[in-house]
Amino acid sequence: MDGAALREYWFLPVIPLAMCLREMDFHAHFTTYSITKTLLYVSPEVALAEKIFGVFVFAVLGVAGYLLVARCGKAFLHGLRSLDIACLAVAAAIISAVASKALDGAASNLGFLGIDVQSTLLSVVFEEVLELGIPVFLAIAVFAYFDRRQPAPRSFNAR
């Protein structure tokens, strides 16, 4: 992206970057509790600056998510209907993210219903492969999108 496109579509790199930082546990490195835990916001032990930082992160990601859907949603759905490779790759990344999160949280999500789910080696491997698929699919989407915007290379044999 050039500077003008980056200023207009700043949310496109911010969302995957936030996902990468979350995967590396950055959501818990700079605050007393993880910014995804309610305890950070309700605990009297936590400094106000940490609470503001957590709210700021969620506000930026909320605005980025809104802008992503508002500016790119219709084009994305149209691209899915026309089987555009970049859109299909983004859809595959979304499906991988949802499926890996479902596998990762199955034990805790079903525990309150009294259903005991034990992770097996196969489910852990499948979850990790799905998580690896997220950046792979997003990279495919980026390369497919920017490849079609480049003029076709001239053949060495063309006269």
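Thresholds applied
- Residues numbered from 1 in each chain as written.
- Predicted model: local features only at pLDDT ≥ 70, side-chain atom pairs only at ≥ 80, totals over all residues.
- Heavy atoms only, no water.
- Helix = DSSP H or I, 4+ residues; strand = E, 2+ residues; numbered from the N terminus.
- Buried < 20%, exposed > 50% of the residue type's maximum accessible area, 1.4 Å probe, protein only.
- Contact = heavy atoms within 4.5 Å.

1. Remarks on unusual backbone geometry
Peptide bonds are mostly trans, and most non-glycine residues show a negative phi. In the Ramachandran plot, Leu83 falls in the positive-phi region, its phi being about 60° despite a non-glycine side chain. Topologically, Leu83 is positioned in the loop between helix H4 (48–81) and helix H5 (85–104).

2. Let's talk about the environment of Ile140
With respect to the secondary-structure elements, Ile140 resides in helix H7 (residues 121–149). Exposure remark for Ile140: the relative accessible area of 39% places this residue in the partly exposed category. Distance in space between the C-alpha atoms of Ile140 and Cys87 is 9.9 Å, their sequence separation being 53 residues. In contact with Ile140, other than residues within four places in its own chain, are Ile85 and Ala89.

3. Some thoughts on the environment of Ala49
Among the secondary structure elements, Ala49 is positioned in helix H4. Its relative accessible area of 57% is what places Ala49 among the exposed residues. Note: C-alpha distance between Ala49 and Thr31 (18 residues apart in sequence) is 9.4 Å.

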